[in-house]
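Tertiary structure, described
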Amino acid sequence: MDKRYYALLPALILIGLVSLFADKNKASKQGIAKGLIVPPALKDLGKGYKVRIIYFVPSDRKVKPNYQEKTEVLMRVVSDVYEREMKAHGIKTRGLDFEFGEDEKLKVHLVKAKKAASFYTGEPFDVDRLLNTQQQEIWETVGFSRNRPMLVFSEAGAVAEARPIPQVYSGLACVSGDIFSDEVTASNIEEQIQKLVNRNEEKKQEGKDERSSSQVSQTSNGVLIHELGHIFGMLHDTRDQRNIMMRGYDKLGQMYAFPEARDRPVRFSLAHARMAAASRFFNESFENSDTKPPKIQDFKLSGPAKAGERKIKFSINMSDNKGLGPFVIMQRGGGQIDAMVADKDLDGVENYSEEISLECPRPLVGGQPLVYIINLMDVNGNLSQSVANSVVVSD
């Protein structure tokens, strides 16, 4: 997440689809009668690759009431958005799966941490320290998370960050436990949808920011979808303001109200839907024994990037003995200017060697640092990443 998101965290603390919509199994009659769409209940899909939910509470913090019920509500929205967007792009999948307990309810691992919040955050706040210390203690308490990427609701500090661990089909996506406050999340799905859709709510003053409770709920619930997207191989994508991997999730409520929902006001780009679909969390047919990530032999500029230009030539050479899947390339700009500059589905070819042209979102400036990131998936859900660094030369 970009640093601008952190500036909004105090506010967070305080406070075809037509067939899918018509499917009685996908939305309650009560919700439709009100002109709203209510996500279906979660169920155990029996997959081998599931999301693990963690509630991390330092020793000097209190467990918020109704966290179990609220987690179920939040995950119903998360699961629903992924399923609807996959369907919108013509991708067949049973959807995202989660760990369930013997009682057939969503399993939320409550980790009552050994130390006070400041131990995990550091003083001053250090996001890497927070992620590292939490991850280690969670593994010691709950067990290693192979095939189980962790979505962590943390009472230690305000953060929205994701760290994929593709070698073991895992990772850690961390968000603030303040999402469990009554102002942000309801204990039942009907009330949560009302929170997300409430357009007429009066705005509340919080310093210089004016954000209604509904807006806070939309951002808080939506950021879960965004951070998990990074675990599934997605990068930031600012080409369309509706993209979830930009900040489209700020308007999440429009996904649950007619007639706005028909136009997919919040969405994944096709490029990112393909990445998630190729991962083992959505892919319905992959070779489980293939654990070797695809090789990225070359990912570099073909020549110097020159000031004033907008196009850059890139040399790419990649291979996988079982077949290459989709890739995405992002030009790192920080925050709202991270730009998706290329994507392609390689459809199972074993080798890909090309010189491609990447168009920058704006003309290059002499001395400007350039950072390009490629995420590449193979046909069996193995993920690789490579980074190319350069500097724009002046004329």
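Residues numbered from 1 in each chain as written. Predicted model: local features only at pLDDT ≥ 70, side-chain atom pairs only at ≥ 80, totals over all residues. Heavy atoms only, no water.

As a further point, take helix 9 (residues 270–278). Helix 9 sits mainly inside the fold: eight of its nine residues count as buried. The inward-facing, buried residues of helix 9 abut helix 4 (67–88), strand 10 (324–331), strand 11 (339–345), strand 13 (369–378) and strand 14 (383–391). (Buried < 20%, exposed > 50% of the residue type's maximum accessible area, 1.4 Å probe, protein only. Helix = DSSP H or I, 4+ residues; strand = E, 2+ residues; numbered from the N terminus. Contact = heavy atoms within 4.5 Å.)

On to unusual backbone geometry, then. Going from Glu123 to Pro124, the amide bond is cis rather than trans, its omega being 5°. As for its placement among the helices and strands, Pro124 is situated in the loop between helix 5 (117–121) and helix 6 (127–142). With an omega of 0°, the peptide bond running from Phe258 to Pro259 counts as cis. Counting through the fold element by element, Pro259 comes out in the loop between helix 8 (213–231) and helix 9. Positive phi, normally seen in glycine, also occurs at Arg264, with a value near 50°. Relative to the helices and strands, Arg264 resides in the loop between helix 8 and helix 9.

Moving on to the sheet that holds strand 11. Read across the open sheet, the four strands follow the order 11-10-13-14; overall the sheet is antiparallel. The strands lining the two open edges of the sheet, one partner per strand, are strand 11 and strand 14. Across the sheet, the axes of successive neighbouring strands diverge by a mean angle of 15°, strand direction being ignored. Pairing between strand 10 and strand 13: six bridges, direction antiparallel. Note on strand 13: the bridge partner recorded for Gln331 is Tyr372. (Pairing = 2+ DSSP bridges. Axes fitted to C-alpha atoms, helices over the stretch in contact; angles between N-to-C directions.)

Atom-level detail of predicted coordinates should not be read off regions where pLDDT is low. Scored by pLDDT, the protein has a mean of 89; 87% of the residues are at 70 or more. Per-residue pLDDT stays below 50 along residues 2–33; that stretch engages in 69 contacts with residues further than four places along the chain or on separate chains. Confidence drops under a pLDDT of 50 for residues 202–208, and excluding neighbours within four residues, the segment shows 11 contacts in the predicted structure. (pLDDT = per-residue confidence, 0-100.)

Right, let's talk about the packing of helix 7 (residues 189–197) against helix 8 for a bit. The axes of two packed helices give the description: the angle between them and the distance between them. For the pair helix 7 and helix 8, the least separation of the axes is 7 Å and the interaxial angle reads 110°. On the basis of their axis angle, the class for helix 7 and helix 8 is roughly perpendicular. Note on element contacts: helix 8 touches helix 7 through Ser213, Ser214, Ser217, Gln218 and Asn221, opposite Gln192, Lys195, Leu196 and Val197. Its residues placed into classes, the contact of helix 7 with helix 8 shows two nonpolar, six polar and one charged. (Parallel < 35°, antiparallel > 145°, perpendicular 65-115°, else oblique. Nonpolar A, V, L, I, M, F, W, Y, C, P; charged D, E, K, R; others polar.)

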